[in-house]
Amino acid sequence: MQYQSTPKPLLIYLHGFMSSPNSVKAKETEFYLAKRSMVVEYLVPALSDCPEQAYQQLDKLMQANQNRTIGLIGSSMGGFFASAIAARFACRAVLVNPAVGPQNIMQKYIGEQTNPYTNNRFTLTVNDMEFLRDLDVECPQPDKIMLLVQTGDETLNYKAAVAKYADSRQVVEEGGDHRFQDYDKHLPSIMKFLFSPSTELK
């Protein structure tokens, strides 16, 4: 009798708005996984700059991998998507300085924009803000969320994330910035939260 091998756990890193898979934290995560020889497949999808298209990308990716243990790390806007995806698919997610209520924060970006990292030109509309509003749900399973914020975030109000994920595990650090300084030092606890220790080869 042949037995099917259990597929590797999947770690998906979600970059922020007008960013790219080449973000510093995405690369730090990749380096950590390689250095520790963790038995985890790592994906950093190039998310569309348009919110609805980005969410559809993630929804398809999740549905194609439903037979696997999946962990998410999302930064800024990627944190907002990670929260929504975790709620839909009941998986674990780590949110790093996540956007809370992006439909309000991003009003100033309505119109033509250019992603500075990819040079992609796109247009944000009122319909995009309505899509984000519909996606902005409460956290149904707070035990599956880990929040990392720094009070010195110059882009987002960290208090909004602390309030929204009040019942989740939280790391709140004084100072720092929106990029989240010393992110790599938190990777051991992030991996422990997302995956079983059995994913790490000794």
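Since the model is a prediction, treat every value here as computed from it, not as a measurement.

Caption draft 1: Inspection of empty space enclosed by the protein at higher detail. Applying the stated criterion to the full structure yields 2 cavities of 30 Å³ or more. Looking at the largest cavity, its volume works out to about 90 Å³. Lining of the largest cavity is provided by 13 residues; of these, Phe 17, Ser 48, Asp 49, Met 77 and Phe 81 occupy positions nearest its centre. Secondary structure elements with two or more residues in the lining of the largest cavity: α2 (51–63) and α3 (77–89). Among the residues forming the lining of the largest cavity, the class breakdown is 9 nonpolar, 3 polar and 1 charged. Its boundaries defined by the atoms lining it, the second largest cavity holds a volume of some 40 Å³. Lining the second largest cavity, in full, are Ala 86, Ala 87, Cys 91, Cys 139, Pro 140, Gln 141, Lys 144 and Ile 145.

Caption draft 2: Spatial organisation of the confidence of the model for the protein chain. Averaged over the protein chain, the pLDDT score is 92; the fraction of residues at 70 or greater is 95%. When the criterion is pLDDT under 50, residues 198–202 qualifies, and its contacts beyond four places in sequence or with other chains add up to 9 contacts.

Caption draft 3: Structural context of the packing of aromatic side chains. Per the counting criterion, the structure on display carries 4 aromatic pairs. Ring geometry for Phe 17 and Tyr 109: centres 5.4 Å apart, planes at 65°, overall edge-to-face. In this pair, Phe 17 is assigned in the loop between β1 (10–14) and α1 (24–36) and Tyr 109 in the loop between α4 (102–105) and β5 (111–114), connecting sequence segments 92 residues apart. Owing to a relative accessible area of 21%, Phe 17 belongs among the partly exposed residues under this scheme. Taken together through their ring pairs, the aromatic side chains of Phe 17, Tyr 109 and Phe 122 make up a single cluster. Arg 92 extends its terminal NZ or CZ atom over the ring of Phe 193, reaching a point 4.6 Å from the ring centre.

Caption draft 4: Layout of the pattern of salt bridges. In total, this model carries 5 salt bridges according to the counting rule given. Across the pair Glu 30 and Lys 27 runs a salt bridge whose closest N-O atoms are separated by 3.7 Å. With a gap of 3 residues between them, Glu 30 and Lys 27 both fall in helix α1, about one helical turn apart. Assessed through its relative accessible area of 39%, Glu 30 is described here as partly exposed. Between Arg 121 and Glu 112 there is a salt bridge; the shortest N-O distance is 3.4 Å. Taking relative accessible area as the criterion, Arg 121 reaches 62% and is therefore assigned exposed.

Analysis parameters
- Residues numbered from 1 in each chain as written.
- Predicted model: local features only at pLDDT ≥ 70, side-chain atom pairs only at ≥ 80, totals over all residues.
- Heavy atoms only, no water.
- 1 Å grid on protein atoms, 1.4 Å probe; cavity = no way out; pocket = protein on both sides within 12 Å on 5 of 7 lines; lining within 4 Å.
- Points joined across faces, edges and corners; volume = space filled by probe spheres on them.
- Helix = DSSP H or I, 4+ residues; strand = E, 2+ residues; numbered from the N terminus.
- Nonpolar A, V, L, I, M, F, W, Y, C, P; charged D, E, K, R; others polar.
- pLDDT = per-residue confidence, 0-100.
- Contact = heavy atoms within 4.5 Å.
- Phe/Tyr/Trp six-rings, centres within 6.5 Å; stacked < 30°, edge-to-face > 60°.
- Buried < 20%, exposed > 50% of the residue type's maximum accessible area, 1.4 Å probe, protein only.
- Lys NZ or Arg CZ within 6 Å of the ring centre and 35° of its normal.
- Salt bridge = Lys/Arg side-chain N within 4 Å of Asp/Glu carboxyl O.

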